[in-house]
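Descriptive analysis of the structure
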Amino acid sequence: MERDAFPVVSPAPVVRRDPAIDLVRFTCLLLVVAAHCMMVSPALLKGGTVTTDNVLMDQGWFTPVAWGLMIVPLFFVLGGVTGLESWRRLRARGGTGFAFAQLRLLRLVRPAMALLAVMWGGLWLALLLGVHPQVIQLMAAGAAMPLWFLAAYLAAQLSVPLMARLHEHAPLLTFAALVAAIITIDSLRGALPVLAFTNLIFVWCAVQQLGFFMADGFFERRSRTWLVGAIVSSNLVLGLVTGVAVYPGNMVVNINPPNLCLLLLGISQAATLQLLHGGITWLAGVGWVQKIIAVAGRRSMTVYLWHLPLLVGMSGLLLLTDVPKPLAGTAEWWWARIPVFFAVVALLVPVVWLFGRLENRPTAASHARGPSRTEVVTAAVVVLIPVADAAFNGLTLALLGGGAACFALSVLLLGRVPTPVLPPAFAVKFPAQRSSHGPTLPEPGFSANLEP
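All of these numbers come straight from a predicted model, not from anything done at the bench.

Okay, the overall build of the protein next. A tally of regular secondary structure across the protein gives 18 helices and two strands. Put simply, of all contacts in the protein between residues at least 6 apart along the chain, 82% involve residues at least 24 apart. For the protein, the exposed surface amounts to about 21000 Å²; the carbon and sulfur share of it is 71%.

Encoded structure:
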């Protein structure tokens, strides 16, 4: 099969980043790290086994708090904004949906490949040194939580070219169709529980469409009264469906597999983001805030993937020391979350320095040619197979190794970055034109990755 999936593209205009989106994304990431620090509480039992409790889920006050702080939908809204803008810029330069998929896959898969490989090697070493297999399994399971998000986010991002086309032709109809699919699947999940997992696609694509509306200025053109009405209405409906026990009231329970509640939260959060956009933009313009976001914001995927394994590993090692270990849920335990959070941040610094560069945009040699469409599709399937296995059956040490191998294979399939391929007739007739075009990858001032 000829490698003609990526045509010649022309330079794209430089697009200014929205600092408000960068700041919100960074703030959400800090909230995720802080929340996980308040969840993990391992305890060493006699015989060398370890158990862990999710402390937050055992707190009665957490249910209403989770309603307000469940920011996963906001990640997908932001992904919709940046994904649509990136796709439109790439398309304007002549890029195809397969080129977009290649760039997205490389950006997400390369950091995850490093995590899985390091965890697999480290846990095998610990097993050989005599660490209890139950402890090994517990630490392996700690990597599964970031991976489910990676799978859902990747599936939504790969759908951007298709969903963008539908959005441009019939935005409201496309959104309504997604909502109808979500409600239908939620209605059938009692009879066919496995069907509920298809909402991993419909729910997050619908929330992503909210980002499309935001990118097109739909929310910006609405009045403050309309935005407040959208926030109030979505939360009233959410209260109604949870109040009559159609859905659980705990939003963490609703997240996997996702249901209509997450879309309602997404509507509320998108409207809130637009309502506060002016103030957020001002704050993002403060000098020291800009510096922090410039350094940490472009390494968000590395921070997200590594923070929980580092937290679990650190907590496990502390069990072997004489460091005071307050009982989970006590006042002392809650106060200890502060140094735990800063310890995780400190551990992330060298990890981000070592592996953060894997998030950089790919580069190509001038003679490199892009992968074929078959290779792009194969790479996507190779990535999703181990992730789906982990979602349904849990992450094991063997699956860590298999996942690392699958991710490495995907990177090998995608690693040949697209460059212009001119037809033979054109090359013969206009030989001087061959070197006048740049590669199809973004120019240094342009990104077709998670951040625009």
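Now that the structure is up, let's keep going.
This part covers unusual backbone geometry. In this structure, Pro257 follows Asn256 across a cis peptide bond, with omega equal to 0°. At Ala245, a position not held by glycine, the phi torsion is positive, near 65°. As for its placement among the helices and strands, Ala245 is situated in the loop between α10 (224-243) and α11 (260-275).

Generally speaking, a soluble globular protein has its nonpolar side chains buried in company with each other. Counting residues in hydrophobic clusters, the biggest one holds 116 residues, and the most contacted among them are Phe76 and Trp204. Examining the composition of this core, we find that 14 residues originate from one element, helix α4 (residues 97-128), more than from any other. Excluding residues within four positions of it along the chain, Trp204 makes contact with Val72, Pro73, Phe76, Trp148, Ala152, Asn199, Ile255, Pro258 and Leu262.

Below, the discussion takes up the packing of helix α7 (residues 160-169) against helix α8 (residues 171-188). At a closest axis distance of 5 Å, the pairing of α7 and α8 adopts a crossing angle of 125°. Classified by the interaxial angle, the pair formed by α7 and α8 is oblique. Counting all contacts with α7, which are made through Met163, Leu166, His167 and His169, the residues of α8 involved are Pro171, Thr174 and Leu178. Looking at the contact of α7 with α8 residue by residue, the classes come out as four nonpolar, three polar and no charged.

The final tally for this structure, using the stated rule, is six salt bridges. Notably, a salt bridge pairs Arg25 with Asp22, separated by 3.4 Å at the nearest N-O pair. With a gap of three residues between them, Arg25 and Asp22 both fall in helix α1 (residues 19-37), about one helical turn apart. An identical accessibility class is assigned to Arg25 and Asp22; each is buried. For Glu168, the salt bridge identified is with Arg91, shortest N-O distance 3.0 Å. Of this pair, Glu168 sits in helix α7 while Arg91 is found in helix α3 (residues 72-92), placing the two residues 77 residues apart along the sequence. According to the relative accessible area criterion, Glu168 is partly exposed, its value standing at 36%. Residues participating in the shared-partner salt-bridge network are Arg88, Arg91, Glu168 and Asp216.

Applying the stated rule across the entire model yields 17 aromatic pairs. An angle of 55° between the planes, with centres 5.9 Å apart, marks the rings of Trp61 and Trp334 as tilted. Of this pair, Trp61 sits in the loop between β2 (50-54) and α2 (62-69) while Trp334 sits in helix α15 (residues 331-355), placing them 273 residues apart in sequence. Judged by its relative accessible area of 42%, Trp61 falls in the partly exposed class. Summarising the aromatic geometry, the rings of Trp87 and Phe100 are spaced 5.8 Å apart at their centres and angled 80° between planes, so their arrangement reads as edge-to-face. Highlighted residues: Trp87 in helix α3 and Phe100 in helix α4, separated in sequence by 13 residues.

Turning to the environment of Trp148, a few remarks are in order. Following the sequence through the fold, Trp148 ends up in helix α6 (residues 144-158). For Trp148, a relative accessible area of 19% puts it in the buried group. Each C-alpha atom of the pair Trp148 and Ala390 lies 8.1 Å from the other, and the pair is 242 residues apart in sequence. Ignoring sequence-local partners within four residues, the contact set of Trp148 consists of Val72, Trp204 and Ile255.

With that out of the way, let us pick up α11. End to end, α11 covers 23 Å across 16 residues, agreeing with the expected 22 Å (1.5 Å per residue, within 8%). Burial analysis of α11 places 14 of its 16 residues in the buried class, the great majority of the element. The N-capping residue of α11, defined by a side-chain oxygen 3.0 Å from the backbone nitrogen of Cys261, is Asn259.

The next point concerns the confidence of the model for the protein. Taken residue by residue, the protein gives an average pLDDT of 82. The fraction at 70 or more is 83%. Below a pLDDT of 50 lies the segment residues 363-368, which in the model reaches nine contacts outside its immediate sequence neighbourhood of four places, other chains included. Under a pLDDT of 50 for its full length, residues 417-452 has, in the predicted model, 95 contacts with residues more than four places off or in other chains.

Running from amino to carboxyl end, α4 crosses helix α14 (residues 300-318) at an angle of 20°, the nearest separation of the two axes being 9 Å. As the angle between them shows, α4 and α14 are arranged roughly parallel. Where α4 crosses over α14, the two elements pack in a sense that is right-handed. Here Leu108, Pro111, Ala112, Ala114, Leu115, Val118 and Met119 of α4 lie close against α14, whose contacting residues are Met301, Thr302, Leu305, Trp306 and Pro309.

You can see Leu318 is positioned in helix α14. Taking relative accessible area as the criterion, Leu318 reaches 34% and is therefore assigned partly exposed. Along the chain, Leu318 and Pro42 lie 276 residues apart, while their C-alpha atoms are 9.6 Å from each other. In contact with Leu318, not counting residues within four places along its chain, are Val323 and Lys325.

Analysis parameters
Each chain carries its own residue numbering, running from 1 in the written order of its sequence. Owing to the predicted nature of the model, reporting of local features is limited to residues with pLDDT of at least 70; listing and counting of side-chain atom pairs is limited to 80 or more, with chain, interface and lining totals taken over all residues. Think of the side-chain values as coming from all heavy atoms in the structure, minus any hydrogens and water. A run of H or I in DSSP counts as a helix once it spans at least four residues, and a run of E counts as a strand once it spans at least two, with each numbered from the N terminus. The criterion used for residue contact is that any of the two residues' heavy atoms lie within 4.5 Å. Areas reported here follow the Shrake-Rupley algorithm with a probe of radius 1.4 Å; residue values treat only the protein chains shown as occluding. By convention a nonpolar core is built from buried Ala, Val, Leu, Ile, Met, Phe, Trp, Tyr and Cys residues, the set being connected through side-chain atoms within 4.5 Å. In this scheme, a residue with accessible area under 20% of its type's maximum is buried, one over 50% is exposed, and one in between is partly exposed, where area comes from a 1.4 Å probe on protein chains only. Orientation is described by lines fitted to C-alpha atoms, with helices fitted over the stretch in contact, and by angles between N-to-C directions that extend from 0 to 180 degrees. Orientation is classified from the angle alone, with under 35 degrees giving roughly parallel, over 145 giving roughly antiparallel, 65 to 115 giving roughly perpendicular, and any other angle giving oblique. Classification convention: Asp, Glu, Lys, Arg as charged; Ala, Val, Leu, Ile, Met, Phe, Trp, Tyr, Cys, Pro as nonpolar; all other residues, Gly among them, as polar. Every case where a carboxyl oxygen of Asp or Glu lies within 4 Å of a side-chain nitrogen of Lys or Arg is listed as a salt bridge. Ring pairs are drawn from Phe, Tyr and Trp, using the six-membered ring of Trp, whenever the two centres fall within 6.5 Å, and their geometry is named by plane angle: stacked under 30 degrees, edge-to-face over 60, tilted for the rest. A helix is expected to reach a length of 1.5 Å times the quantity of its residues less one. Counting of polar contacts relies on pairs of N or O atoms within 3.5 Å, with two restrictions inside protein: one atom must be capable of donating a hydrogen and the other of accepting it, and residues adjacent in sequence are counted only when both atoms are side-chain atoms. pLDDT is a residue-level measure of predictor confidence that goes from 0 to 100. In a left-handed crossing the near helix is turned counterclockwise from the far helix by less than a right angle, and in a right-handed crossing that turn is clockwise.

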